[in-house]
Amino acid sequence: MPDLNELYAEFGMAAEMAQLLEVEAGSVGLAFLAISVKSGEKVPAAQREFYQQIVDHTNRQNLGKLLRMVQSIGTFSPSMTETIEQALERRNYLTHRFFRTHNFAIHNETGRAAMIRELREIHAQLSIAVTMLSGVGATLLALAGHEDLSKEAHDEFIAKGERLDI
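From a predicted model like this one, the values you see are computed outputs, not experimental measurements.

A. Spatial organisation of the packing of aromatic side chains. This model, assessed by the stated rule, comprises 5 aromatic pairs. Ring centres 6.1 Å apart and planes at 40° place the aromatic pair phenylalanine 11 and phenylalanine 98 in the tilted group. With phenylalanine 11 in helix α1 (residues 2–34) and phenylalanine 98 in helix α5 (residues 98–102), the pair connects residues that are 87 residues apart, well separated along the chain. Taken together, a centroid distance of 6.0 Å and an interplanar angle of 85° make the contact between tyrosine 93 and phenylalanine 98 edge-to-face. An identical accessibility class is assigned to tyrosine 93 and phenylalanine 98; each is buried. By way of ring pairs, the aromatic residues Tyr8, Phe11, Tyr93, Phe98 and Phe99 are connected into one cluster.

Laid out in structure tokens, this is it:
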């Protein structure tokens, strides 16, 4: 059943976008923290240790807590807040209830087609929220006088095609 492979591929792409949403939410929090560090300034060891603890704490948070943290650092437009809240709901649905909700639909072509359409919609919704959070993070880094990853560095990471611990 080729459509079953397509279904699982669509689920994988949506799940990847859900993880990117989590990364971007954490990055916004860390970019906000970067405002307290002057670009090019050497940070004392004790302060570096403190910042590392914040990074570690951020990495242990679930998406809901990360998004609440993001919303606490500034005032966002109602549409942006709604998009982020919907993305959290869609991510939770995808992760915890998608297959359970569709239960027997996976066993026929019409059901699988509906599941694929829904996964594409979820992917698109998550992608919009990722783009918004990425913009917020880049803006905070710019306000702090720090550069975001350059296009050249980005392309270099892609060309290497290796795993990078973040």
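B. Highlighting the environment of glycine 29. With respect to the helices, strands and loops of the structure, glycine 29 is situated in helix α1. Put simply, glycine 29 and glutamate 6 are 23 residues apart on the chain and 35 Å apart in space, counted from C-alpha to C-alpha.

C. Highlighting the pattern of salt bridges. Using the criterion set out here, one finds 7 salt bridges in the structure. We note a salt bridge from arginine 112 to aspartate 3, for which the minimum N-O separation is 2.8 Å. With arginine 112 in helix α6 (residues 109–143) and aspartate 3 in helix α1, this pair connects stretches of sequence that are 109 residues apart. By sharing partners, the salt bridges in this structure join Glu89, Arg90, Arg97 and Glu118 into a single network.

D. Up close: the side chain of arginine 91. Inspection of the secondary structure puts arginine 91 in helix α4 (residues 78–96). Here arginine 91 is buried and forms no salt bridge, its nearest opposite-charge partner glutamate 22 lying at an N-O distance of 4.7 Å. Excluding anything up to four places from it in sequence, arginine 91 contacts Ala18, Leu63, His96 and Leu126.

E. How the structure looks around the side chain of arginine 112. Judged by its relative accessible area of 5%, arginine 112 is buried. In contact with arginine 112, not counting residues within four places along its chain, are Met1, Asp3, Leu4, Leu7, Ala105, Ile106 and His107.

F. Examining the packing of helix α3 (residues 63–72) against α4 more closely. Across the interface, α3 lies against α4 with an axial gap of 10 Å and an inter-helix angle of 175°. Compared by their axis directions, α3 and α4 come out roughly antiparallel. Within the contact between the two elements, α3 uses Leu63, Gly64, Leu67 and Gln71 and α4 uses Thr81, Ile84, Glu85, Leu88 and Arg91. Within the contact of α3 with α4, the residues separate by chemical class into 4 nonpolar, 3 polar and 2 charged.

G. Representation of the nonpolar core. In this structure, Leu7, Leu21, Ala25, Leu67, Leu126 and Leu133 are the most contacted members of the largest nonpolar core, which totals 35 residues. Taken together, the elements giving at least two residues each to this core come down to α1, α3, α4 and α6. Residues contacting leucine 21, with those up to four places away along its chain left out, are Leu63, Ala87, Leu126, Ala129, Val130 and Leu133.

H. Representation of α3 in the model. Buried residues of α3: Leu63, Gly64, Leu66, Leu67 and Val70, and no others. Taken down its axis, α3 places every buried residue within 160° of arc, on the same side. Opposite the buried face of α3, by more than 90 degrees, sit the exposed residues Arg68 and Ser72. Contacts made by the buried residues of α3 are with α1, α2 (45–59), α4 and α6.

About the thresholds
- Residues numbered from 1 in each chain as written.
- Predicted model: local features only at pLDDT ≥ 70, side-chain atom pairs only at ≥ 80, totals over all residues.
- Heavy atoms only, no water.
- Phe/Tyr/Trp six-rings, centres within 6.5 Å; stacked < 30°, edge-to-face > 60°.
- Helix = DSSP H or I, 4+ residues; strand = E, 2+ residues; numbered from the N terminus.
- Buried < 20%, exposed > 50% of the residue type's maximum accessible area, 1.4 Å probe, protein only.
- Salt bridge = Lys/Arg side-chain N within 4 Å of Asp/Glu carboxyl O.
- Lys, Arg positive; Asp, Glu negative; His and termini not counted.
- Contact = heavy atoms within 4.5 Å.
- Axes fitted to C-alpha atoms, helices over the stretch in contact; angles between N-to-C directions.
- Parallel < 35°, antiparallel > 145°, perpendicular 65-115°, else oblique.
- Nonpolar A, V, L, I, M, F, W, Y, C, P; charged D, E, K, R; others polar.
- Core = buried A, V, L, I, M, F, W, Y, C linked by side-chain atoms within 4.5 Å.
- Arc of directions from axis to C-beta.

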